[in-house]
Amino acid sequence: MNFAVSKIQPPRLRRGTLVARPALAGRIADAMLQHRLVLLGAAAGYGKTAALSQALDHLADRVQAQAGPGAGTDASAPLARAWLSADGGDDLPRLLDCLLAALEPHDLPWRLSPEALRAMATTPAPEARRQAASTLVNALEACEARHGVIVIDDLHRIDDAAVHDFLDRVLERLGPRWCIAIASRTDPPLALARLRAVGALAEFRQADLQFTLDEARALAQAVGADAGTADTLLARTQGWAVGLRLALGPTPPPGSRPGAAPAPLLVDRHVFDFLASEVLDRQPPPMRRFLLRSAVLAELSPARAAELTGDADAAAWLDRIERDSLFATVLEPDGPTLRLHDLFRRFLLERLRRDHPDELPALWRRAAAGEPDLDRRIGLLLQAQAWGEAEALLDAQGLARLAEGRVDAVLRPLAQFPPGRVTASPRLSMLRCLAAWAHWDWPAMCDAARAAVAGFTREADPERTMLAQVYEAVALSGQGQTLGAQAALQRLPAATELSRTAHVLAEVVRSWHALEQGDLPGVGRHYGAAIAALQGCTDASLWYRCLPLSLNMLLPGMAAPLRAFVDGALLATEAQPSPLRAVALAVETWLATCRGDAPHALATLARAEADARWLGEPPNVRAFVGAAQAAAQAQAGHAAAARAGIERLLSVFDDAAPGTRPARTQRGSTTWGIHLFFALRVADALDDADTVQALAARLPPLPANDESLAALARTLRLTLPGRLAWHAGARQPAQARAAAEAFAAALVHEPALAAAGLDHELRWRLARAWLRGERPAEAAQALRPVLAALATPVGGAAAAGSVALPGPATLAELAGAPWGEALTPAEQALLHAQARHWLGTGAADSAPMAAGAGTGDPALALSARELDVLARIAAGDSNKLIARALALSPHTVKRHVANILDKLDLASRGQAAAWYRQRPR
């Protein structure tokens, strides 16, 4: 958990000193049952938090009454509630961290990982945020609770527009069983007018929250004052809860006589003066000292308060604060913990700064020492101007956060530092550089990398200087400045003097340059050097930074490096879904497809797709899985599934928000055109003439010879005339011969085609065209080099990494042709063996099987572990109990639940439990 647990702890009523307001609480509870949004909007001190807390208790009673006696289990209570206390500086990622943790006890049946939902919601792309909101709403609707409410207290503290945008999207889709309740001093920038117009908004304003006469008298009685005093103060404070409480004073000790004189009239500008004269100055000196010094903490627990103040009586003072109702909210994460009211805490800090400024730095430091929330701890150190300590703390934690994909958790604390401090610090500049890399913000990454280079050079830290130089090369490459990136790499010393990370990343960048500049054999050479240097490395974050480009999978010479990448990445990644594992499985699918192992390719593809779904299909994962799916399914003859893979791959270019993707990777770019041509190759392998022609019409113009990726794009396009001629009417011998002539013309450039991995594919297509054109001798001549390669001891073309997509129809036609003497018996035997290898399982046999298809029992699609989890769900166990019983992590249990619901086509845990109980044994 990356935040203080008190942020998701609802307050509890103080012992006998907070007046119950059943009428108000009942109205709010009724509104929670009937409206999507309940808004409590009033100035500070009107009791919004207390009113929401009491309303939740009333709501629980109402929902329990509706459910009937005995309803609900530990895993499925009638009311699901999640409480979030907002803090200044909270943004959407942090709010979602809190929300997901607050919902954890209710075992929502997530269909993708909560971490993926969080990542999806925080991307700039509007479609991703819409999908994240829909995913959250679907999980809420599938919750077993009869009703649910999400409370966000003090929303006015959050100024991140993304938070309000996400809440709007959730409110737009929220079903009748769930409500969001918000307390705020100002109206949040939500679509309130729209919700009001459709009757989905209930509003409780200042007038609704003012104390009534009966409530004021009850409060007076609780603190030992008489009714007349309450009547006078109610008129003078106009029902302002904090004003009443301040005027009435602390709870008297037992035996005190009521009837204290009324306090002076309170207005906002006099509140602090009143707190000084009537509250703080009336405390005994030890209590005054404790209150002033403990105000630097956001929450007060006995242990932390004692450590901060050095006061052994801290627990007693906290007990007195609670007993005397000194403007504190009581929390119970692990024990009695108090949160001071904003007004009171601001007053105490102001007095502390005025009277004891020399003590503040040490107090901030001691507060930081015991603070578990990293953001708060850094903020406390910065308050103390302990720049070096704050920097060291973020430097130590930042890389781990980036490795988890939590870029915002690095940017948020970075924003707390003075801008000049970030620029001057090489460590902070390095973190800013890596965060910019995660967002493809190449100019910002380049600036930060150069600042890091300069800083580490000043500090005489050669290892980190060289690593920052490599990051500068990465950033320049991302901007298309290949020559500048190469110059940065040339400034590095020999590989033997580099750290492993710097050496590996430098070789990866050189492989990019080789691809861009048309040195296609150099791609495999440099990438292979990087992966060789990674052998034995268990740092998953470094393996992740060395993902191959999806374009690189198409090239000869990449088979061995890709094989080593898969093996190393799967060893480094944990046995649960992650982007690294999903990409490694997609690459394994590709390799199996290239060697014609359809059963293994499809089985591995299913694992990659399952991981991708659970992760929310981030763009880089979707690109790899889409390409692997298209190729594997096409070779297996599954046309619809292959087309779905094409759509998956090309959708990567559609979902980026404007300005977030470099121009050279957008639609219409050369990179996009190369991916589009791969989709065309898949359609060609399927003999899908309509799709081939449609994709050809969308291809962008060829780049100039000196542009990035020009050599690869131009080589690929050499094969286009023959493909289009074939699909224009190859059933006629004359048209087939025209296609063959176009393919033969392309083969004039066979060395370039071989470097791009197209030579064997083109020869398969050429042989089929000559055969259909009634020219078997020419067909045999075209096919003979491929058969010779297949006859090599190492396994021929597939083992060498030649990526051919002949397609099942081409293989079947060539294997079934009457070759006569055009091919030798040995060549024909080799051709038949190859066809059996690729087609022997048959399309129907290698098709992915739906859950239980052909078995009559969907449970047969479940693994043994999934059946164990399902049995526990049917027994009523929560995820936590299942994890404990089966020795699994809670994350793994969630993943099993998602698999069960997917395979059985169910929506909720309750449906799964009912299915398990009713299925025939």
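Residues numbered from 1 in each chain as written. Predicted model: local features only at pLDDT ≥ 70, side-chain atom pairs only at ≥ 80, totals over all residues. Heavy atoms only, no water.

Moving on to the overall build of the protein chain. Within the protein chain one finds 49 helices and 7 strands. By the burial criterion, 56% of the 921 residues in the protein chain qualify as buried. When contacts within the protein chain are restricted to residue pairs at least 6 apart in sequence, long-range pairs at least 24 apart make up 70% of them. Within the structure as shown, the protein chain displays about 36400 Å² of accessible surface, and the carbon and sulfur contribution to it stands at 55%. (Helix = DSSP H or I, 4+ residues; strand = E, 2+ residues; numbered from the N terminus. Buried < 20%, exposed > 50% of the residue type's maximum accessible area, 1.4 Å probe, protein only. Contact = heavy atoms within 4.5 Å. Areas by Shrake-Rupley, 256 points an atom, 1.4 Å probe, with all protein chains shown as cover.)

Take the nonpolar core next. Val296, Phe344, Tyr471, Phe565, Phe678 and Trp819 are the most contacted members of the largest nonpolar core, which totals 197 residues. Sort the elements by how many residues they give to this core and helix α30 (residues 579–594) lands first, with 11 residues. Look past the residues within four positions of tyrosine 471 in its chain and what remains in contact with it is Met430, Cys433, Leu434, Trp437, Met445, Ala449, Leu505 and Arg545. Listed in part, the 54 residues of the second largest apolar core include Leu100, Ala121, Ala125 and Ala145. (Core = buried A, V, L, I, M, F, W, Y, C linked by side-chain atoms within 4.5 Å.)

The next point concerns the packing of aromatic side chains. Each aromatic ring pair is described using two quantities: the centre-to-centre distance and the angle formed by the ring planes. According to the stated counting rule, one finds 4 aromatic pairs in the structure shown. Relative to phenylalanine 347, the ring of phenylalanine 344 lies with its centre 6.3 Å away and its plane at 20°, an arrangement referred to as stacked. Here the residue phenylalanine 344 and the residue phenylalanine 347 both occupy positions in helix α16 (residues 342–355), the gap between them amounting to 3 residues, near one helical turn. The class of phenylalanine 347 is buried, set by a relative accessible area of 4%. Judged by centre distance (6.1 Å) and plane angle (55°), the ring pair of tryptophan 543 and phenylalanine 565 falls under tilted. Taken together, the residues span a long stretch of sequence, with tryptophan 543 in helix α28 (residues 540–545) and phenylalanine 565 in helix α29 (residues 559–572) at a distance of 22 residues. What makes tryptophan 543 buried here is its relative accessible area of 0%. (Phe/Tyr/Trp six-rings, centres within 6.5 Å; stacked < 30°, edge-to-face > 60°.)

Once that is clear, we can look at unusual backbone geometry. The backbone phi angle of alanine 887 is positive, close to 55°, even though this residue is not glycine. With respect to the secondary-structure elements, alanine 887 resides in the loop between α47 (879–886) and α48 (890–904). Of note in this structure, aspartate 905 is not a glycine but carries a positive phi near 55°.

Further remarks concern the sheet that holds strand β5 (residues 201–204). On the basis of which strands lie adjacent, the open sheet formed by 5 strands has the order β2-β3-β4-β1-β5 and parallel pairing. Each of the sheet's edge strands pairs with one partner strand only, and the pair in question is β2 (79–85) and β5. Across this sheet, the average inter-strand angle for adjacent strands is 15°, counted without regard to direction. Pairing analysis gives 4 bridges linking strand β1 (residues 37–41) to β5, with the strands arranged parallel. Paired with leucine 39 across the two strands is glutamate 203, which belongs to β5. Helix α1 (residues 22–34) rests against β1, β3 (147–153), β4 (178–184) and β5 of the sheet, and its axis sits at about 165° to β5. (Pairing = 2+ DSSP bridges. Axes fitted to C-alpha atoms, helices over the stretch in contact; angles between N-to-C directions.)

A few words now on helix α31 (residues 598–614). Working note: α-helix, 3.6 residues per turn, so residues spaced by three or four point in the same direction. In a regular helix each residue adds 1.5 Å, so 17 residues correspond to 24 Å; α31 covers 24 Å between its end C-alpha atoms and thus fits that length. Along α31, the positions that sit buried rather than exposed are Ala598, Ala601, Leu602, Thr604, Leu605, Ala608, Glu609, Ala610, Asp611, Ala612 and Trp614. Looking at where α31 begins, the residue whose side-chain oxygen comes 3.3 Å from the main-chain nitrogen of histidine 600 is aspartate 597. The positive-phi residue at the C-terminal boundary of α31 is glycine 616, with phi of around 80°. (Expected span 1.5 Å × (residues − 1). Polar contact = N/O pair within 3.5 Å; in protein donor to acceptor, adjacent residues only side chain to side chain.)

Let us look at the packing of α1 against helix α2 (residues 48–67). One way to put it is that α1 packs onto α2 with a least axis distance of 8 Å and a crossing angle of 60°. Viewed along their axes, α1 and α2 adopt a mutual orientation that is oblique. The way α1 lies across α2 gives a crossing that is right-handed. Seen from α1, the contacting residues are Pro22, Leu24, Ala25, Gly26, Ile28, Ala29, Asp30, Met32 and Leu33; seen from α2, they are Ala51, Leu52, Gln54, Ala55, Leu56, His58, Leu59, Arg62, Val63 and Gln66. (Parallel < 35°, antiparallel > 145°, perpendicular 65-115°, else oblique. Left-handed = near helix turned anticlockwise from the far one by under 90°.)

Further remarks concern α2. Between its first and last C-alpha, α2 extends 28 Å over 20 residues, near the 28 Å set by a 1.5 Å rise per residue. By the burial criterion, the buried members of α2 are Lys48, Ala51, Leu52, Ser53, Gln54, Ala55, Leu56, Leu59 and Val63. Where the residues of α2 are buried, they touch α1, β1, β2, β3, β4 and α8 (206–209). Where α2 terminates, the next one or two residues include glycine 68, which has phi positive at roughly 95°.

Counting through the fold element by element, glutamate 866 comes out in helix α46 (residues 864–874). Residue classification places glutamate 866 among the buried positions, given a relative accessible area of 4%.

Here we take up the pattern of salt bridges. It is possible for side chains of opposite charge to pair when their charged atoms get near one another. Scanning the entire structure with this criterion turns up 66 salt bridges. A salt bridge links lysine 7 to aspartate 87, with the shortest nitrogen-to-oxygen separation between them at 3.0 Å. Taken together, the residues span a long stretch of sequence, with lysine 7 in the segment before α1 and aspartate 87 in the loop between β2 and α3 (92–103) at a distance of 80 residues. For the residue pair lysine 7 and aspartate 87, the accessibility class agrees, reading buried in each case. Here glutamate 609 ties to arginine 648 by a salt bridge, and the two come within 2.9 Å at their closest N and O atoms. Of the two residues, glutamate 609 sits in helix α31 while arginine 648 sits in helix α33 (residues 639–650), which places them 39 residues apart along the sequence. Each member of the pair, glutamate 609 as well as arginine 648, is classed as buried. (Salt bridge = Lys/Arg side-chain N within 4 Å of Asp/Glu carboxyl O.)

Moving on, we come to the environment of threonine 423. When you line up the elements, threonine 423 lands in helix α21 (residues 419–424). The exposure class of threonine 423 is partly exposed, given its relative accessible area of 49%. As a C-alpha pair, threonine 423 and alanine 452 span 29 residues in sequence and 8.4 Å in three-dimensional space.

When the pLDDT values of the protein chain are averaged, the result is 86; 90% of them are 70 or greater. This stretch, residues 252–269, has a pLDDT under 50; its non-local contacts, to residues over four places away or in other chains, come to 26 contacts. Below pLDDT 50 for its whole length, residues 794–801 participates in 17 contacts with residues either more than four positions away or in separate chains. (pLDDT = per-residue confidence, 0-100.)

Moving on, we get to the packing of helix α17 (residues 360–369) against helix α18 (residues 374–383). How two helices pack is summed up by the angle between their axes together with the distance between the axes. As a packed pair, α17 and α18 sit with axes 8 Å apart at the nearest point and diverge in direction by 165°. One finds that α17 runs roughly antiparallel with respect to α18. Considering how the two elements wind past one another, α17 and α18 form a crossing that is left-handed. Counting all contacts with α17, which are made through Trp364, Ala367 and Ala368, the residues of α18 involved are Arg377, Leu380, Leu381 and Gln383. Of the residues assigned to the contact of α17 with α18, the class counts are 5 nonpolar, 1 polar and 1 charged. (Nonpolar A, V, L, I, M, F, W, Y, C, P; charged D, E, K, R; others polar.)

Here the focus is the environment of leucine 174. Here leucine 174 lies in the loop between α6 (161–173) and β4. For leucine 174, the residues in contact, after removing those within four places along its chain, are Arg36, Val137, Leu140, Cys179 and Ile180.

The full count for this structure, using the stated rule, is 0 disulfides. Cysteine 446 provides the cysteine sulfur closest to cysteine 433, a residue in no disulfide bond, and the two sulfurs are 8.7 Å apart. As a non-bridged cysteine, cysteine 546 has cysteine 537 as the owner of its nearest cysteine sulfur, 8.3 Å distant. Assessed through its relative accessible area of 0%, cysteine 546 is described here as buried. (Disulfide = S-S within 2.5 Å.)

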